[in-house]
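Chain by chain, the residues:
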Amino acid sequence: MFGLGSKNIGIDLGTANTLVYIEGKGIVLREPSVVAKNTQTGEIIAVGSEAKEMIGRTPGTIRAIRPMKDGVIADYDTTAAMLKYFMEKTVGNSKPAAMICVPSGVTEVEKRAVIDAARVAGAREAYVIEEPFAAAIGAGLPVMDPTGSMVVDIGGGTTDVATISLGGIVSSRSTRMAGDKFNSAISTYIHQNFNLLIGERTAETIKIQIASASVEKAKEIESMNIRGRDLVTGLPKSIDVDAEDVSKAIQEVVQNIIVAIKETLEETSPEIAADVIDHGIVLTGGGALLKNLPEVISDATKVPVFIAQDPLDCVAIGTGESLKNIEVMRKRR
């Protein structure tokens, strides 16, 4: 527990992970966005890391669920309970003002759901900031200057692409092709080609260890031994999977992200396009760590591509930094 009075907080409420940033302290919490519930009583059994350990391993009476789907709230009550747990863990019983990030493509109804959930969880007041804008702030891009910047935030549920200038988003795209889609593409491929059923966590481990955005470069990566359930015999089985095969499995998702980047660039003015060529495209989010992704995007767009310094933390840092402008938000309201 952090004794921090009524400090304002920034929350990166992600599909895969939730990060909490406290004014003057930085990131104080980083936990999976997972909740384990008793299906009969509705009681919350575990939240965060403890709940993630239970995925795929629970008895019939307990379900480990991710209440966020594709960057938005899929289960309102469970999301509010999860937020309450994280806020109590970081700021105790104080009632902070909260800044929460949302994907750039969300509707007003989805924004309202996030604000309401934060208030139910204990926030005195709540505001939302668009994810790519927060990512750009966290990556240290000059968002307030009259110069164009481009950020691609590849999270668990959504990939947000935006060009930014003079403190606002000029053009943006939000696609539900992101980390979770990489995982499901890998699971489907192994199911279809090896008759092996693997869990969500195994698919994620495969993605992190051997998946590559470039099929050609994947030939240089060693194969990996994985375990699952044989769909023919129903018994446990282990096999070796080649990085090249895994990389072929995720190509459709990679190409969809590239299409979103190209469409965003096509909508920008020539001046901002010129700035993007000068400064490059900055990748943030966990998906930015996919092997060979910067090179593949750069080849497709003919623009330099860089990974931000702390890609996993950029959105949380940007959300926290934006707390400095909370007075502006209050006046707008």
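What you are looking at is a predicted structure, and each value in this text was computed from that prediction instead of being measured.

Trainee: What exactly am I supposed to notice about the packing of helix α9 (residues 251–267) against helix α11 (residues 293–301) here?
Mentor: Helices that pack against each other are described as a pair by the angle of their axes relative to one another and the distance between those axes. Relative orientation of the contacting elements α9 and α11 amounts to 45°, with a least axis distance of 10 Å. Looking at the two axes, α9 sits oblique to α11. Considering how the two elements wind past one another, α9 and α11 form a crossing that is right-handed. Where α9 approaches α11, its residues Val254, Ile258, Ile261, Lys262 and Leu265 are matched on the opposing element by Leu293, Val296, Ile297, Ala300 and Thr301.

Trainee: I tried to follow the pairing of strand β16 (residues 236–241) on my own but got confused; where do I start?
Mentor: Remember that side chains alternate between the two faces of the sheet whenever the strand is regular. Relative to β16, strand β15 (residues 224–230) runs antiparallel, the two being bridged by 6 bridges. The partner of Met224 across the bridge, within β16, is Val241. Between the end of β15 and the start of β16, which pair antiparallel, lie 5 residues, with Gly234 showing a positive phi angle near 80°.

Trainee: Would you explain the packing of aromatic side chains in this entry?
Mentor: What characterises a pair of aromatic rings is the spacing of the ring centres plus the angle enclosed by the ring planes. Inspection of every chain in the model, using the stated rule, returns 2 aromatic pairs. Between Tyr85 and Phe86 the ring centres are 5.7 Å apart and the planes differ by 65°, which places this aromatic pair in the edge-to-face class. Seen from their ring centres, Tyr189 and Phe194 are 6.4 Å apart, and the 65° between their planes marks the pair as edge-to-face.

Trainee: Whenever I open this one, helix α4 (residues 131–138) confuses me. Can you help?
Mentor: Of all 8 residues in α4, 7 are buried, a share of seventy percent or more. If you check which residues of α4 are buried, you get Glu131, Pro132, Phe133, Ala134, Ala135, Ala136 and Gly138.

Trainee: What am I meant to see in α11 here?
Mentor: Every α-helical turn comprises 3.6 residues, leaving residues that sit three or four positions apart pointing alike. Turning to α11, its buried residues number three or more, namely Leu293, Pro294, Val296, Ile297 and Thr301. The buried residues of α11 occupy one face: seen down the axis, they fall within an arc of 165°. Contact partners of the buried residues in α11: β11 (149–154), α9, β17 (281–284) and β18 (305–307). Among the residues trailing α11, Lys302 stands out with phi positive, at a value near 60°.

Trainee: How should the domain arrangement of the protein chain be read in this particular structure?
Mentor: For an interface, size is often stated in terms of accessible area lost upon the parts coming together. Looking at the protein chain, the domain boundaries give domain 1 (9–33 + 68–133 + 315–331), domain 2 (142–177 + 254–311) and domain 3 (179–249). A straight line from the C-alpha centre of domain 2 to that of domain 3 covers 28 Å. Across the boundary between the two partners, domain 2 contributes 12 residues, which contact 14 residues of domain 3. In this assembly, domain 2 packs against domain 3 so that about 1,100 Å² is buried in total across both faces, 63% of it on carbon and sulfur atoms. Together, Leu290, Lys291 and Asn292 form the three largest contributors to the area buried by domain 2 at its contact with domain 3, with a combined 47%. For the pair domain 2 and domain 3, the number of links is 0 salt bridges. Counting across the domain 2 and domain 3 interface gives 7 residue pairs in polar contact (both at pLDDT 80 or more).

Trainee: Explanation requested: the pattern of salt bridges in the structure shown.
Mentor: Between side chains of opposite charge, pairing is possible as soon as their charged atoms come close. This model, assessed by the stated rule, comprises 17 salt bridges. For Lys89, the salt bridge is made with Glu31, and the minimal N-O distance between the two is 2.5 Å. Within this pair, whereas Lys89 is found in helix α2 (residues 76–91), its partner Glu31 is found in strand β3 (residues 26–32), the two being separated by 58 residues in sequence. One network of salt bridges, in which partners are shared, links Arg66, Asp180 and Glu200.

Trainee: How should I be thinking about the packing of α2 against helix α3 (residues 108–121) in this particular structure?
Mentor: Following both chains from N to C, one finds α2 and α3 inclined at 50°, their axes separated by 8 Å at the closest point. Viewed along their axes, α2 and α3 adopt a mutual orientation that is oblique. With respect to the hand of their crossing, α2 and α3 are arranged in right-handed fashion. In contact with Tyr76, Ala80, Leu83, Lys84 and Met87 of α2, α3 contributes Ala113, Asp116, Ala117, Ala118, Val120 and Ala121.

Rules used in this analysis
Residues numbered from 1 in each chain as written. Predicted model: local features only at pLDDT ≥ 70, side-chain atom pairs only at ≥ 80, totals over all residues. Heavy atoms only, no water. Axes fitted to C-alpha atoms, helices over the stretch in contact; angles between N-to-C directions. Helix = DSSP H or I, 4+ residues; strand = E, 2+ residues; numbered from the N terminus. Parallel < 35°, antiparallel > 145°, perpendicular 65-115°, else oblique. Left-handed = near helix turned anticlockwise from the far one by under 90°. Contact = heavy atoms within 4.5 Å. Pairing = 2+ DSSP bridges. Phe/Tyr/Trp six-rings, centres within 6.5 Å; stacked < 30°, edge-to-face > 60°. Buried < 20%, exposed > 50% of the residue type's maximum accessible area, 1.4 Å probe, protein only. Arc of directions from axis to C-beta. Domains from an automatic or database assignment. Buried area = accessible area lost by both parts, 1.4 Å probe. Salt bridge = Lys/Arg side-chain N within 4 Å of Asp/Glu carboxyl O. Polar contact = N/O pair within 3.5 Å; in protein donor to acceptor, adjacent residues only side chain to side chain.

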